[in-house]
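Report on the structure
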Amino acid sequence: MSDEVELHPAVAGAQPYMRAETQGENSAPEDAPLFDDGAGRERLEKVLSRYPTRRAALLPLLNYAQERNGWVSRPAMKEIAGELDLTPAYVHSVATFYTMYNQRPVGKYLIQVCTNISCDLCGGEEVLERFLEETGTRPGETSEDGLYTVMEVECLGACGFATVVQVNDEYYEDVTPERVPEILDELD
Amino acid sequence: MPEEENSDLVSLTIDGVEVQVSEDSTVIEAAEKAGVVVPHYCYHPGIPTRPAQCRVCLVEVEGQDKLQPSCKLPVQDGMEVHTDSDDAELARKSVIEFLLVNHPLDCPICDAAGQCMLQDYAFETGQLQSRLNEEKLVMGRDRIADDILYFADRCIICTRCVRFMREVAQDDSLVVAQRGDRAYIDTFPDEDLDNPFQGNIVDVCPVGALVHEDYLFKARAWDMDKTPSICPGCSNGCNVTLDTKENQIVRLKPRYNGEVNSYWMCDYGRKHLVMGNRGVRTEVPLVRQGGELEPMDWSDALAAVGERLGGIEGGSAVVSPDACNESLHYFRRLLDTLGVPADAGSYRVEQGEEHTLPGFPKLTLREDRAANGTGADLFGFRRVESWPEPEPGAPLFVLQETLREAPESYAEDASFFLYLGSHLSPAARRADAVLPVTTFAEMAGTFTNHEGRVQRFQKALQPPGIARPAWMVLSGLLARSGDGSPVLDAADAFGEMTDERPEMAVLNWGRVGLKGQTLDSGAGAEAGAGAR
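So, a few notes on the structure that sits alongside this text. (Residues numbered from 1 in each chain as written. Chains lettered and ligands numbered in written order. Predicted model: local features only at pLDDT ≥ 70, side-chain atom pairs only at ≥ 80, totals over all residues. Heavy atoms only, no water.)

By a frequent convention, interface size equals the accessible area lost on bringing the separate parts together. Taken together, the 15 residues of chain B in the interface contact 14 residues of chain A. For the pair chain B and chain A, the summed buried area comes to about 1,200 Å², and 58% of that belongs to carbon and sulfur atoms. Looking only at chain B, the three residues that lose the most surface to chain A are Asp172, Arg179 and Phe188 of chain B, adding up to 48% of its buried area. Remark: the boundary between chain B and chain A carries two salt bridges. Here Asp190 of chain B makes a salt bridge to Arg74 of chain A, at a shortest N to O gap of 2.7 Å. Linking chain B to chain A there are seven residue pairs in polar contact (both at pLDDT 80 or more). (Contact = heavy atoms within 4.5 Å. Buried area = accessible area lost by both parts, 1.4 Å probe. Salt bridge = Lys/Arg side-chain N within 4 Å of Asp/Glu carboxyl O. Polar contact = N/O pair within 3.5 Å; in protein donor to acceptor, adjacent residues only side chain to side chain.)

What follows concerns a nonpolar patch on the surface. Residue and element names in this part refer to chain A. Among the surface-exposed residues, Leu59, Phe97 and Tyr98 lie close enough to one another that they form a single nonpolar patch of about 240 Å² accessible area. Within the secondary structure layout, Leu59 lies in helix α2 (residues 58-69). Leu59 sits in the partly exposed class, given a relative accessible area of 31%. (Patch = residues over 30% accessible without salt bridge, like charges linked within 9 Å, V, L, I, M, F, W, Y side chains within 5 Å. Areas by Shrake-Rupley, 256 points an atom, 1.4 Å probe, with all protein chains shown as cover. Helix = DSSP H or I, 4+ residues; strand = E, 2+ residues; numbered from the N terminus. Buried < 20%, exposed > 50% of the residue type's maximum accessible area, 1.4 Å probe, protein only.)

What follows is about the sheet that holds strand β21 (residues 396-399) of chain B. Residue and element names in this part refer to chain B. Within the open sheet, the eight strands sit side by side as β15-β14-β23-β22-β21-β16-β17-β20. Their pairing is mixed. Both outer strands of the open sheet, β15 (292-295) and β20 (382-383), are each paired with one neighbouring strand and no more. Pairing analysis gives four bridges linking strand β22 (residues 417-421) to strand β23 (residues 433-436), with the strands arranged parallel. Bridge pairing links Tyr419 to Val434 in β23. Here helix α8 (residues 325-337) sits on the sheet and contacts β16 (316-319), β21 and β22; the angle it forms with β21, its principal contact strand, is near 170 degrees. (Pairing = 2+ DSSP bridges. Axes fitted to C-alpha atoms, helices over the stretch in contact; angles between N-to-C directions.)

Relative placement of two packed helices is described by the angle separating their axes and the distance separating the axes. Residues and elements named next belong to chain A. It is at 10 Å that the axes of helix α6 (residues 124-135) and helix α7 (residues 180-187) come closest, and there the two elements cross at 50 degrees. Put simply, α6 runs oblique to α7. Considering only the axes of α6 and α7, their crossing is right-handed. Contact residues: Val127, Arg130, Phe131, Glu134 and Thr135 in α6; Val180, Pro181, Ile183 and Leu184 in α7. (Parallel < 35°, antiparallel > 145°, perpendicular 65-115°, else oblique. Left-handed = near helix turned anticlockwise from the far one by under 90°.)

A few words now on the side chain of Thr438 of chain B. Residue and element names in this part refer to chain B. Within the secondary structure layout, Thr438 lies in the loop between β23 and β24 (445-448). Residue Thr438 is classed as buried on the basis of its relative accessible area, which comes to 1%. Look past the residues within four positions of Thr438 in its chain and what remains in contact with it is Arg281, Gln400, Met443, Pro463, Ala467, Arg468 and Pro469.

On to the packing of helix α2 (residues 86-99) of chain B against helix α3 (residues 117-125) of chain B. Residue and element names in this part refer to chain B. Relative to each other, α2 and α3 sit at 125 degrees, their axes nearing to 10 Å. The orientation of α2 with respect to α3, classified from their angle, is oblique. The element α2 and its partner α3 pack so that their crossing is left-handed. Each of Lys93, Ile96 and Leu99 in α2 lies in contact with α3, whose residues at this interface are Leu118, Tyr121, Ala122 and Thr125. Residue classes in the contact of α2 with α3 are distributed as five nonpolar, one polar and one charged. (Nonpolar A, V, L, I, M, F, W, Y, C, P; charged D, E, K, R; others polar.)

This paragraph deals with the pairing of strand β14 (residues 286-289) of chain B. Residues and elements named next belong to chain B. Sheet topology note: the β14/β15 ladder contains four bridges and is antiparallel. Pairing of Arg288 across the sheet is with Leu293, part of β15. As consecutive antiparallel partners, β14 and β15 are separated by two residues, and within that stretch Gly290 has a phi angle of approximately 60 degrees, a positive value. Here β14 pairs with β23 via two bridges, running antiparallel. From the neighbouring strand, Val287 faces β23, where its bridge partner is Ala433.

Residue and element names in this part refer to chain B. Burial analysis of β22 places five of its five residues in the buried class, the great majority of the element. A two-sided burial pattern is seen for β22, the buried positions comprising Phe417, Tyr419 and Gly421 on one face and Leu418 and Leu420 on the other. Of the pairings in the sheet, the one linking β21 to β22 comprises four bridges and is parallel in character. Bridging from a neighbouring strand, Val398 pairs with Tyr419 of β22.

Residues and elements named next belong to chain B. Inspection of the entire model under this criterion finds 30 salt bridges over all chains. Measuring nitrogen to oxygen at the nearest pair gives 3.3 Å for the salt bridge that ties Glu29 to Arg50. Taken together, the residues span a long stretch of sequence, with Glu29 in helix α1 (residues 27-34) and Arg50 in the loop between α1 and β3 (58-61) at a distance of 21 residues. One exposure class covers both Glu29 and Arg50, and it is buried. Through salt bridges with shared partners, a single network forms among Arg333, Asp483, Glu496 and Glu500.

Given below as structure tokens:
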């Protein structure tokens, strides 16, 4: 595809949402408004321009909240509800339906270990155990230094490379318990 | 259910029973007409959406391979439906077994026991032993509103409550949170429901997940007596059932009336009555003798009052807009006999904020917070903001108005003060005769609502002491002076009233029945008479 192709303004910027570098120690305070600054406003307008109804913009805006803060906070849900003419309760309902929206703050590195069937057969449980051991946390809990949150997740869609571990937006494939300290070292 | 006259009829058979229903009905509605009960949870006739998600109402339809949810399935001419076939019964049994997977089976301490659709249908399936070895999920409980608790473990996620709030109350603040076996009903965290109609979510809950804290552990469903009545909270006249136990009102439940309140009622009405259990009641007739109020039996009291009334001419009167039509009728007759001018009778109605249920606007908590202001109008009483001070030295007659808000010196200088009431306020204690009368819950009678619908309520409680309905007392008093005979039955009081009042001639005790009859329901001439 040529670089010259001009994108329709509605699709421009429609790259996959990236987990921003602002996560973890750099993340904005949870009560910082999402749409007060230029970036937030711009994202809001862009997202709204893509859908026929405001309600339809709910998931992309929840994504944005998570990008900024690493999780979806109550003030964020209220703010999104206000922008989309929805009730905060409705936003809460949607945000809790999808397990990938974090309901609590997560560490700088969100480590998601697949323990679905393929990974489990290749030692997924042991990998999970090792991550928990090395970080000194329990599943879903954030380490005291605020660096790590380890979660057990269902299939990450890379069964050919079991065990798969997703750290923020990076995939680590063929992970064995032995590789865990190395991966953690690499992160810091 | 859709109005049948608006569409064509189709006929179908349900478990071999042939029924004719309008073509826009669903199978579950047709089954109801055929007298066949199809178990269901998520379907509620008053809630518009039919998500068909509980899967309990599955039925077998001949010619169709798969079982169909009867709540959503439109009827077709010639359809043959089986609710009791092996497949349908097995499906139902399986669904209920799944519903019980995480259910705590805490019926012995559950408020819904005895009125629980899960308990009933689970019992019907006959599978009384669980086949489940897994540990049950424990979810705990939550406060949904200031007086509504949510027991998540008992919830079967039928979403009736969520859909009532969303579609009928049109307040999208109750939702399903999480998903799958972790799903539960929730508001936004740390925010309670705040809607004047939210109490209905407890009524629509088919299990014991949503309960009124006010009713928590108060009574078992089977220990209560149920009496059809009319909510006296405002002039809308919602049809209700009074649930009573040990001569106390325990709770109110809305009673279906498609012309007034559908399946719903407001929270103000629900809470209003519990206060009725309180306060000092008048129990025996009291007549002032030598400066003191002396207790008497009815015949002595009526004789004493009759004697005093003999020398009286004129005066003024105050009535309560909570007095029933029959009592107002006899009171008006007594006033006429005594020569009290027609415009010398007044009533005052407490006012409050109006709230309309968006999904059924006929149900509105009216500004007039009394049941029978229309009735008081009808009998010629004048509506006032505050009662006029009675003329010094003239007689005063009060019917059921507690006078709680009257100035301290009210009626101080009345030459004779007759008080028929159920409660004794400081002003009422000044009366020369106190005749104890029943509240609406302790008697039968009728109210006229804001649109002129006359509705009957029945006796739910035993009156305290020897209190009697005001219409009985007043007809007895009139009979003493040779005006008619004492009336002992509400139907007779109603009959005399409608005979004597041309604008009420269209009414009939039987036709008023449990759903009421409007004053303009007669053909032609009387149309609109009396209705405000």
